[in-house]
Amino acid sequence: IEAILGSGPLAGRHAIVTSGPTIEPIDPVRYISNRSSGRQGHAIAAALAELGAEVTLISGPVALADPAGCRVVRVESAMQMLNAARSALPADIAVCTAAVADWSVVNRSTEKRKKKIGEAPPVIELGPNPDILATLSRAETARPRLVIGFAAETQALIENARDKRQRKGCDWIVANDVSEGSESFGGESNTVYLIDETGVEDWPRMSKLEIARRLARRIATVFAS
Ligand code: CTP
Ligand code: CA
């Protein structure tokens, strides 16, 4: 209701949220990608909209309905995601939850590669993808006031996440334990830590929806002052 009335603590604020995986084509029928349901990112977009924000959700291919109250931009590759994020600026808030493929296929073929009996399998040559979170964090013009990244780690969670926060230049990192047995991927709930300039907040295990709402409320406190 707040979103409909244009009120709520984030009314008048624009948020960019990236969500889902990116896919990087090998040829017209094959691609490499990352594991990501898009659930967490879509929930964050919805939670920000519920608090009155104008939300641009930039999503890779996911099997999810568009969240209510968001402008959804659908993309496939990391390069397309970056371009969409840049086009969506200016924004007050950027939350990068997308599982962006770290590499794209340099020797991608415009025709379908055919198997040839007796021939060695093709070699896929990878090149680096742009870093959307780092690009937004270090934007010289129109840097969003609050830039938030996610860090999915299987080991040394806090250490790696702290390091990532520094390296990317973002304000907050939500660190997510995806080690075996943590049941984060594709599941309904998550154990996360919020790392900001002051330290590490340990959040209890909760659903992705609850994490989204809690993060949105915490974002709202920044804009309350
Ligand atoms: N990210 C991004 N663009 C990329 C890679 C990552 O925007 N090309 C963002 C993700 O959305 C996430 C954060 O950066 O918010 C961390 O992603 P992650 O894959 O954990 O970081 P990387 O720097 O790619 O490091 P790693 O080697 O651990 O994959
Ligand atoms: Ca990565």
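Since the structure is predicted, the reported quantities are computational estimates derived from the model, not experimental observations.

Chemist: How do you make sense of unusual backbone geometry when you look at a structure like this?
Modeler: Among all residues save glycine, negative phi is the norm, and among peptide bonds the norm is trans. Cis geometry is found at the peptide bond from L89 to P90, where omega equals 5 degrees. Here P90 shows up in the loop between helix 3 (78-88) and strand 6 (93-96). Here A142, not a glycine, exhibits a phi torsion of approximately 60 degrees, which is positive. Relative to the helices and strands, A142 is located in the loop between helix 4 (132-137) and strand 9 (146-153).

Chemist: How do you make sense of the sheet that holds strand 13 (residues 200-202) when you look at a structure like this?
Modeler: Pairing between sheet strands relies on hydrogen bonds along the backbone, with the strands arranged either parallel or antiparallel. With mixed pairing, eight strands are arranged side by side in an open sheet as 5-4-1-6-9-10-12-13. Either end of the sheet is taken by a strand with one partner, and the two such strands are strand 5 (70-74) and strand 13. Across the sheet, the mean angle separating the axes of adjacent strands is 20 degrees when strand polarity is ignored. Strands in contact with helix 2 (residues 39-50) are strand 1 (14-19), strand 4 (54-59), strand 5, strand 6 and strand 9; relative to strand 4, the strand with the most contacts, it is inclined by about 170 degrees. Against the sheet, helix 5 (residues 157-168) touches strand 9, strand 10 (172-177), strand 12 (192-195) and strand 13, its axis set at about 150 degrees to strand 10.

Chemist: I keep staring at the nonpolar core and nothing clicks. Help me out?
Modeler: Generally speaking, soluble globular proteins have nonpolar side chains that are buried together. Counting residues in hydrophobic clusters, the biggest one holds 33 residues, and the most contacted among them are L10, L48, V55, V95, L215 and I219. Broken down by element, the residue count for this core peaks at seven residues, all from helix 6 (residues 208-224). When near neighbours in sequence (up to four residues on either side) are disregarded, I219 contacts L10, L48, I93, V95, L146, I148 and W172. Among the nonpolar cores identified, the runner-up in size contains 23 residues, and L82, A94, A98 and A161 belong to it.

Chemist: When you look at the coordination of the calcium ion (ligand 2) in this model, what are you seeing that I'm missing?
Modeler: Put simply, the ideal angle at a metal is 109.5 degrees for four donors in tetrahedral geometry and 90 or 180 degrees for six donors in octahedral geometry. Each protein donor to the calcium ion (ligand 2) is listed here as D102 (OD) and D102 (OD); together their distances run 2.5 Å. Note on placement: D102 falls in the loop between strand 6 and strand 7 (103-105).

Chemist: It is not clear to me how the environment of P130 should be interpreted in this structure. Could you clarify?
Modeler: Turning to its location among the elements, P130 is positioned in the loop between strand 8 (126-128) and helix 4. Placed 17 residues apart in sequence, P130 and V147 show a C-alpha to C-alpha distance of 17 Å. If sequence neighbours within four positions are ignored, P130 has contacts with A78, M79 and L82.

The rules behind the values
Residues numbered from 1 in each chain as written. Chains lettered and ligands numbered in written order. Predicted model: local features only at pLDDT ≥ 70, side-chain atom pairs only at ≥ 80, totals over all residues. Heavy atoms only, no water. Helix = DSSP H or I, 4+ residues; strand = E, 2+ residues; numbered from the N terminus. Pairing = 2+ DSSP bridges. Axes fitted to C-alpha atoms, helices over the stretch in contact; angles between N-to-C directions. Contact = heavy atoms within 4.5 Å. Core = buried A, V, L, I, M, F, W, Y, C linked by side-chain atoms within 4.5 Å. Buried < 20%, exposed > 50% of the residue type's maximum accessible area, 1.4 Å probe, protein only. Donors = N, O, S within 2.8 Å, 3.2 Å for Na, K, Ca; no water.

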